[in-house]
Amino acid sequence: MQASPRKSAGLGLALVSALAFGGSGVAAKPLIEAGLDPLHVVWLRATGAALVLLPVAWRHRALVTRRPALLAGFGLLAVAGVQACYFAAISRIPVGVAMLVEYLAPALVLGWVRFVQRRPVSRAAAVGVVLAVGGLACVVQVWSGLTFDAVGLLLALCAAFCQVGYFILSDHGGDGENPVDPIGVIAYGLLVGAVLLTAVAMPWKMDWAVLAGSTDMNDMRVPAALLVGWLVLVATVAAYLTGVLSVRRLSPQVAGVVACLEAVIACVLAWVLLGEHLSVPQILGGAIVLTGAFIAQRSTPKEASATPVAGGGAGAGADVGVAACRDAGVAAGAGAEVDAGRELSGGTRSA
């Protein structure tokens, strides 16, 4: 009797997290088109969220000496890398396309497990990867000679690679007898990412006047400050925290499936708010990408097996595969995109 309300609350939190993460690209693109550099938008997002979560970082200050490499890597890949690449990508290609390209992360994670860790991959996981890659070919319309900006597609792929690094680092976050608190890692990851982005983005060169004006969103005028506030408070802080809480109430598999809605949400919002229409083949391709990601993610059982099989058993790489539906949008971006709750405590989910 008590489990049902807990599960319902978890599903509600997961949906809120997916909606918040899925809307990051839609809020960022008008700012970029108004004159802000993608790196400056990422810097605003990461720095604003880091300041909001500063009390959390202080509470978990022991992490600085306990896991310095994890915090540095998390800040570099899951915060700075994923978001910078994703936002740079959407400045050149549609938001929906960039998000769907990021969903190659499950394939890339399984590639890491198979060819780097040299562990077997289940047939179901392999089928999911093939579907994801085939769907991506439809999204970018390979039969038309890749009509999308090649640099934009490359940046979206880089965001997917950064997500892989995030998943791998997250898999190590729960090692040992005293696993790290995922909320503390999120807070310090944002701090590290903000510091790195400050050095790279050089915000003192940003056109701050843009933030005082309005931006165009599909023939609507929206205050730039409102979009920045959405990116910081909703698409980052609220998205991360609701994601963490949802994972603690749901199984990793269920939370991961709900996370797949982010790509759908991103495409729908980009269609409605930005007027970025996708063709029928692209819509079908996106559905295939999500189906492939779903199959690859669902192929990983919760229980460990005597012989680890990625996508068919447990172990270091298997748990990472369960999480491979998350984004980014931290990239998402984005992402990457941090329901890191379960991942950083020995299971899955994240930024």
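Residues numbered from 1 in each chain as written. Predicted model: local features only at pLDDT ≥ 70, side-chain atom pairs only at ≥ 80, totals over all residues. Heavy atoms only, no water.

Asks: Got a minute to help me understand the overall build of the chain in this structure?
Replies: Secondary structure assignment for the chain yields 18 helices and 4 strands. Burial analysis of the chain (351 residues in total) assigns 56% to the buried set. Total accessible area computed for the chain in this model is approximately 13900 Å², and 68% of it derives from carbon and sulfur atoms. (Helix = DSSP H or I, 4+ residues; strand = E, 2+ residues; numbered from the N terminus. Buried < 20%, exposed > 50% of the residue type's maximum accessible area, 1.4 Å probe, protein only. Areas by Shrake-Rupley, 256 points an atom, 1.4 Å probe, with all protein chains shown as cover.)

Asks: What should I look at first to understand the pattern of salt bridges in this one?
Replies: Side chains that differ in charge, positive against negative, can pair when their charged atoms come close. Overall, the coordinates contain 2 salt bridges when judged by the stated rule. Linking Glu276 and Lys29 is a salt bridge whose minimum nitrogen-to-oxygen distance equals 2.7 Å. Taken together, the residues span a long stretch of sequence, with Glu276 in the loop between helix H15 (261–274) and helix H16 (280–298) and Lys29 in helix H2 (residues 24–33) at a distance of 247 residues. Residue class for Glu276 comes out buried when judged on its relative accessible area of 14%. (Salt bridge = Lys/Arg side-chain N within 4 Å of Asp/Glu carboxyl O.)

Asks: Even after reading the chapter, I still don't get the environment of Leu31, so can you show me in this structure?
Replies: The topology assignment puts Leu31 in helix H2. Contacts of Leu31, omitting those with residues within four sequence positions, involve Leu36, Val41, Thr215, Ala224, Leu227, Val228 and Leu231. (Contact = heavy atoms within 4.5 Å.)

Asks: Can you help me understand helix H9 (residues 123–139) in this one?
Replies: Between its first and last C-alpha, H9 extends 24 Å over 17 residues, near the 24 Å set by a 1.5 Å rise per residue. What H9 keeps buried is the set Ala125, Gly128, Val129, Ala132, Gly135, Leu136 and Val139. An end-on view of H9 places all buried positions within 130° of arc, on one side of the element. Along H9, exposed side chains directed more than 90 degrees from the buried face belong to Arg123 and Val130. (Expected span 1.5 Å × (residues − 1). Arc of directions from axis to C-beta.)

Asks: Would you take a moment to explain the pairing of strand E1 (residues 214–217) for this structure?
Replies: Consecutive side chains of a regular strand alternate in pointing toward one face of the sheet and then the other. The alternating pattern of E1 places Thr215 and Met217 on a buried face and Ser214 and Asp216 on a face that is not buried. In terms of strand pairing, E1 meets strand E2 (residues 220–223) through 4 bridges, oriented antiparallel. Within E2, the residue paired with Thr215 across the bridge is Val222. Between E1 and E2, which pair antiparallel one after the other, the connecting turn spans 2 residues, and Asn218 there sits at a positive phi close to 55°. (Pairing = 2+ DSSP bridges.)

Asks: Could you clarify how one ought to interpret the packing of aromatic side chains in this entry?
Replies: Aromatic ring pairs: the centre-centre distance and the angle between the two ring planes describe each pair. Applying the stated criterion across every chain yields a total of 3 aromatic pairs. Pairing Phe21 with Tyr240 gives two aromatic rings, centres 5.3 Å apart and planes at 35°, and the pair type is tilted. Of this pair, Phe21 sits in helix H1 (residues 3–22) while Tyr240 sits in helix H13 (residues 224–247), and the two are 219 residues apart along the sequence. Tyr240 carries the same exposure label as Phe21, and that label is buried. (Phe/Tyr/Trp six-rings, centres within 6.5 Å; stacked < 30°, edge-to-face > 60°.)

Asks: I keep staring at the environment of Ala27 and nothing clicks. Help me out?
Replies: As for its placement among the helices and strands, Ala27 is situated in helix H2. For Ala27, a relative accessible area of 3% puts it in the buried group. For the pair Ala27 and Val222, spaced 195 residues apart in the sequence, the C-alpha separation amounts to 10.0 Å. Not counting residues within four places of it along the chain, the set of residues in contact with Ala27 comprises Leu227, Trp230 and Leu231.

Asks: Before we go on, may I ask you to explain the confidence of the model for the chain in this structure?
Replies: Summary statistics for the chain give a mean pLDDT of 74 and a share of 72% for residues scoring 70 or more. In this model, residues 301–351 is a region of pLDDT below 50 whose contacts with residues beyond four sequence positions or in other chains number 224 contacts. (pLDDT = per-residue confidence, 0-100.)

Asks: Hey, could you run me through the environment of Leu54 in this one?
Replies: Position of Leu54 among the secondary structure elements: in helix H4 (residues 54–59). Taking the relative accessible area as the measure of exposure, Leu54 reaches 41% and is therefore partly exposed. Residues Leu54 and Leu190, spaced 136 residues apart in sequence, show a C-alpha to C-alpha distance of 9.5 Å.

Asks: Teacher, can you tell me more about the packing of H2 against helix H6 (residues 68–90) here?
Replies: Direction vectors running N to C along H2 and H6 enclose 60°, while the axes themselves pass 9 Å from each other. The hand of the H2/H6 crossing is right-handed. Here Ser24, Gly25, Ala28, Lys29 and Ile32 of H2 lie close against H6, whose contacting residues are Tyr86, Phe87 and Ile90. Residue composition of the contact of H2 with H6, grouped by class: 5 nonpolar, 2 polar and 1 charged. (Axes fitted to C-alpha atoms, helices over the stretch in contact; angles between N-to-C directions. Left-handed = near helix turned anticlockwise from the far one by under 90°. Nonpolar A, V, L, I, M, F, W, Y, C, P; charged D, E, K, R; others polar.)

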